[in-house]
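Descriptive structure summary
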Amino acid sequence: MQYKFWCCLILFVALAGSLRAQQQPAAKQPEAAEAWTWEQVRERFELNNTTLLAARLNIDELKAQEITAHLRPNPEFTLSADGTQVAPSRGVWQPFAGTFVSPGVSYLFERRNKRGLRYEAARQSTAIGLAQQSDTERTLLFNLRGAFVGVLQAKAVLRLAQSNLEYYDRILKISRDRFQGGDISHIDLDRLELQRLQYESDLQTALVSLRTTKINLLALLDDHRPVDSFDVEGVFDFGEDLLAPEEYRKDALTARPDLRAAALSVQQAKTNYQLAEANGSADPTLGAWFTHNGSFNNPDALNTIGVSVSIPLRIFDTNQGEKLRTKIDINRNEKLRQGVETQVYSDVDSAYATLNSNIELLKPYKRQYLEQAVRVRDTVFFSYQHGGAALLDFLNAESEYRAVQLSYVNLVGAYLTAAAQMNLAVGREVIQ
């Protein structure tokens with residue numbers, strides 16, 4: 001009876017524990033990291049990057065300077081008093097009896113369209129600023145694209161390291177079974193297990209690299225979220241189709257913002273020269289005033305008005321220095337524009353050569369080398385498993401496979417970086 005009692009008690013406790021476990025809520029699974037596409041990363045970058053936001057504020061400052069350049073000269077108001085007696089005369093001293101007050105207004109009239117030229121030069125400064133801001137954005141986007149590609153490459157290397165370790169663990173399991181069956185020696189098993197250290201090291205290095213690249217990308221986005229909650233997704237592959245170099249050159253000439261800024265600088269230099277020529281001319285100042293009881297020649301003229309015109313005599317200073325400087329500046333900016341155009345051609349040709357070289361290197365990998373590396377590894381392992389190959393042959397084949405796979409991943413990363421370099425050289429995304 002006691003035996004039955006204790007069995008029932010144990011069964012009851014077990015059933016109660018099972019019911020409690022079923023009633024308890026399941027443990028909360030960690031949320032998956034949010035994966036952003038390149039479009040989402042770029043949008044976040046354009047909204048948050050402090051360098052880009054500061055460059056945009058510079059445009060607002062330039063537009064404010066347009067308002068200043070378009071302002072007209074302010075009129076001047078003058079108020080003068082005269083006729084106050086300062087000393088007694090013939091025993092009479094009435095200091096304010098003859099005092100009169102004369103208000104007046106004057107205005108500077110600018111000739112030869114000075115105000116219009118100033119406004120045009122300010123508008124051209126804004127256009128140059130916009131082009132320079134686009135050029136800043138072009139460079140920053142290249143850095144952002146490089147960081148984005150770095151994360152994709154680090155993820156690909158991590159997947160490769162995990163796959164290699166899982167494959168090698170299966171080999172170790174088979175090898176341990178073979179050792180238990182007396183098929184291989186203890187020293188061979190030890191050498192196989194020691195080789196696993198390399199795959200563990202590859203995995204840890206890949207984990208650190210992925211975390212570091214994510215941190216770099218978040219810094220460019222000015223985002224302070226935890227690294228583990230952030231991820232990116234995108235195509236990590238290469239394309240074989242390229243346009244002719246002349247097509248990329250043509251696109252660059254129309255899309256490069258630094259070349260556009262250089263051309264606008266030439267136009268602004270010409271406007272500044274026209275303004276310097278206009279500033280060498282004389283601008284008259286017209287004035288008018290009113291006087292009550294102020295005419296000494298006509299005692300009956302109690303209320304009088306007067307007018308004046310003031311014209312500076314530009315005899316010695318005709319703005320010669322500024323005219324010469326702005327004329328020289330036209331030639332200087334033209335030389336700079338030619339230099340930028342030469343740099344555009346150089347950037348496009350260099351990026352094209354690098355990109356084409358990466359494609360030529362990647363083609364045989366995809367067509368032949370990757371498949372061969374897998375076939376050689378599996379064949380040598382099969383042969384080693386059945387005693388047809390030495391352990392050293394298998395380890396060499398495994399090492400060669402790992403090297404080929406890693407080289408392919410790094411070449412794809414280099415291709416994507418070269419594609420970003422081509423986009424940078426052209427000034428817009430011509431290769432996705």
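Not measured: the values here are computed from a predicted model. Position numbers for residues count from 1 along each chain, tracking the sequence in the order it is written. Owing to the predicted nature of the model, reporting of local features is limited to residues with pLDDT of at least 70; listing and counting of side-chain atom pairs is limited to 80 or more, with chain, interface and lining totals taken over all residues. Just so you know, side-chain values use all the structure's heavy atoms and leave hydrogens and water out.

Quick look at the overall build of the chain
Secondary structure is summarised from DSSP: a helix means a run of H or I of at least four residues, a strand means a run of E of at least two, and numbering begins at the N terminus for each. For the chain, the helix and strand inventory stands at 9 helices and 6 strands. In this setup the radius of gyration rests on C-alpha atoms only. A globule is expected at 2.2 Å times the number of residues raised to 0.38. A compact globule built from 432 residues should have a C-alpha radius of gyration of about 22 Å, whereas the chain, at 42 Å, is more than 25% larger. Viewed in the frame of its principal axes, the chain has a C-alpha envelope of about 150 × 75 × 30 Å. For the chain, the accessible surface area stands at approximately 26300 Å², while carbon and sulfur atoms represent 56% of it. In this tally, Asp and Glu contribute negative charge and Lys and Arg positive charge; neither His nor the terminal groups of the chain are included. Note on charges: their place is set at NZ of Lys, CZ of Arg, CG of Asp or CD of Glu. Averaging the positions of the 47 positive and the 52 negative side-chain charges in the chain gives two centres separated by 3 Å. With residues, only the protein chains shown are counted as cover, and all accessible areas are computed by Shrake-Rupley using a 1.4 Å probe.

Points about the sheet that holds strand β6 (residues 303–310)
The strand order across the open sheet formed by 4 strands is β2-β3-β5-β6, and the pairing between neighbours is antiparallel. Two strands in the sheet have a free side with no partner beyond their single neighbour: β2 (76–82) and β6. Taken pair by pair, the neighbouring strands of this sheet meet at an average axis angle of 20°, ignoring direction. Whether two strands pair depends on DSSP finding at least two bridges between them. Relative to strand β5 (residues 285–292), strand β3 (residues 100–108) is paired through 5 bridges, and the arrangement is antiparallel. The angle between two axes is taken between their N-to-C directions and runs from 0 to 180 degrees, where each axis is a line fitted to C-alpha atoms and a helix contributes only its stretch in contact.

What to know about the packing of aromatic side chains
Stacked, tilted and edge-to-face are the three classes applied to pairs of Phe, Tyr and Trp rings, where Trp contributes its six-membered ring and a pair requires centres within 6.5 Å; stacked means planes under 30 degrees apart, edge-to-face means over 60, and tilted covers the rest. Enumeration over the complete set of coordinates arrives at 10 aromatic pairs. Plain terms: the ring middles of tyrosine 107 and phenylalanine 109 are 4.9 Å apart, the flat faces sit at 80° to each other, and that makes the pair edge-to-face. Their ring planes at 75° and their centres at 6.0 Å tell us that phenylalanine 238 and tyrosine 415 sit as a pair that is edge-to-face. A residue pair is termed long-range when its members are at least 10 positions apart, and phenylalanine 238 in the loop between β4 (230–232) and α6 (245–255) and tyrosine 415 in helix α9 (residues 391–426) qualify at 177 residues.

Digging into the environment of serine 102
Residue position: serine 102 is located in strand β3. According to the relative accessible area criterion, serine 102 is buried, its value standing at 6%. Whether two residues touch is decided by their heavy atoms; if any such pair falls within 4.5 Å, the residues are in contact. Setting aside its immediate chain neighbours within four residues, serine 102 contacts Thr78, Leu79, Ser80, Trp289, Phe290 and Thr291. Two N or O atoms count as a polar contact when they lie within 3.5 Å, although within protein this holds only if one can serve as hydrogen donor and the other as acceptor, and sequence-adjacent residues are included solely when both atoms are side-chain atoms. In this structure the side chain of serine 102 is engaged in a polar contact, spanning 3.0 Å, whose partner is the backbone oxygen of phenylalanine 290. Each residue is placed in one exposure class: buried if its accessible area under a 1.4 Å probe, protein chains only, is under 20% of its type's maximum, exposed if it is over 50%, and partly exposed if it falls in between.

A look at α6
Tyr248, Asp251, Ala252 and Ala255 are the residues of α6 that are buried. What you see down the axis of α6 is that its buried residues fit within an arc of 100°, all on one side. Exposed residues on α6 whose side chains face more than 90 degrees from its buried face are Glu246, Lys250 and Thr254. The elements touched by buried residues of α6 are α7 (257–279), α8 (320–385) and α9. What the arc measures is the spread of directions leading from the helix axis to the C-beta atoms.

What to know about a nonpolar patch on the surface
Nonpolar side chains (Val, Leu, Ile, Met, Phe, Trp, Tyr) within 5 Å and like charges within 9 Å form the patches, drawn only from residues with over 30% relative accessible area and no salt bridge. We count a salt bridge whenever a side-chain nitrogen from Lys or Arg sits within 4 Å of a carboxyl oxygen from Asp or Glu. Among the surface-exposed residues, Phe77, Leu79, Val101 and Val105 lie close enough to one another that they form a single nonpolar patch of about 420 Å² accessible area. Looking at the nonpolar patch, the elements with two or more residues in it are β2 and β3. Mapped onto the secondary structure, valine 105 falls in strand β3.

Concerning the nonpolar core
To form a nonpolar core, buried Ala, Val, Leu, Ile, Met, Phe, Trp, Tyr and Cys residues must be joined to one another through side-chain atoms within 4.5 Å. Grouped together as the largest cluster of nonpolar side chains are 70 residues, with contacts concentrated most on Val41, Leu217 and Phe394. Mapped onto this core, the elements with two or more residues apiece are α2 (38–48), α4 (114–180), α5 (186–221), β4, α6, α8 and α9. With 18 residues, the single largest contributor to this core is α4. Apart from residues lying up to four places away in sequence, leucine 217 is in contact with Val41, Leu144, Ala147, Phe148, Val151, Phe230 and Val232.

Structural notes on the environment of arginine 44
Within the secondary structure, arginine 44 is located in helix α2. On the basis of relative accessible area, arginine 44 is assigned to the partly exposed category, the value being 27%. Remark: the alpha-carbon pair of arginine 44 and leucine 220, spanning 176 residues in sequence, is separated by 9.8 Å. When sequence neighbours within four positions are dropped, the list of residues in contact with arginine 44 reads Trp36, Asn49, Leu221, Asp223 and Arg225. A polar contact of 3.1 Å, which involves the side chain of arginine 44, links it to the side chain of aspartate 223.

Describing the packing of α7 against α8
The interhelical angle for the contact between α7 and α8, taken along N-to-C directions, is 170°, at an axis separation of 8 Å. Regarding the angle of α7 to α8, the classification is roughly antiparallel. Every residue of α8 that contacts α7 at Asp258, Leu259, Ala262, Ala263, Ser265, Val266, Ala269, Lys270, Asn272, Tyr273, Ala276 and Glu277 is listed here: Glu322, Lys323, Thr326, Lys327, Asp329, Ile330, Asn333, Glu334, Arg337, Val340, Glu341 and Val344. Amino acids outside the nonpolar list (Ala, Val, Leu, Ile, Met, Phe, Trp, Tyr, Cys, Pro) and the charged list (Asp, Glu, Lys, Arg) are all regarded as polar, and Gly is one of them. For the contact of α7 with α8, a count of residues per class yields 10 nonpolar, 4 polar and 10 charged. Comment on the angle field: the value is read as roughly parallel under 35 degrees, roughly antiparallel over 145, roughly perpendicular from 65 to 115, and oblique elsewhere.

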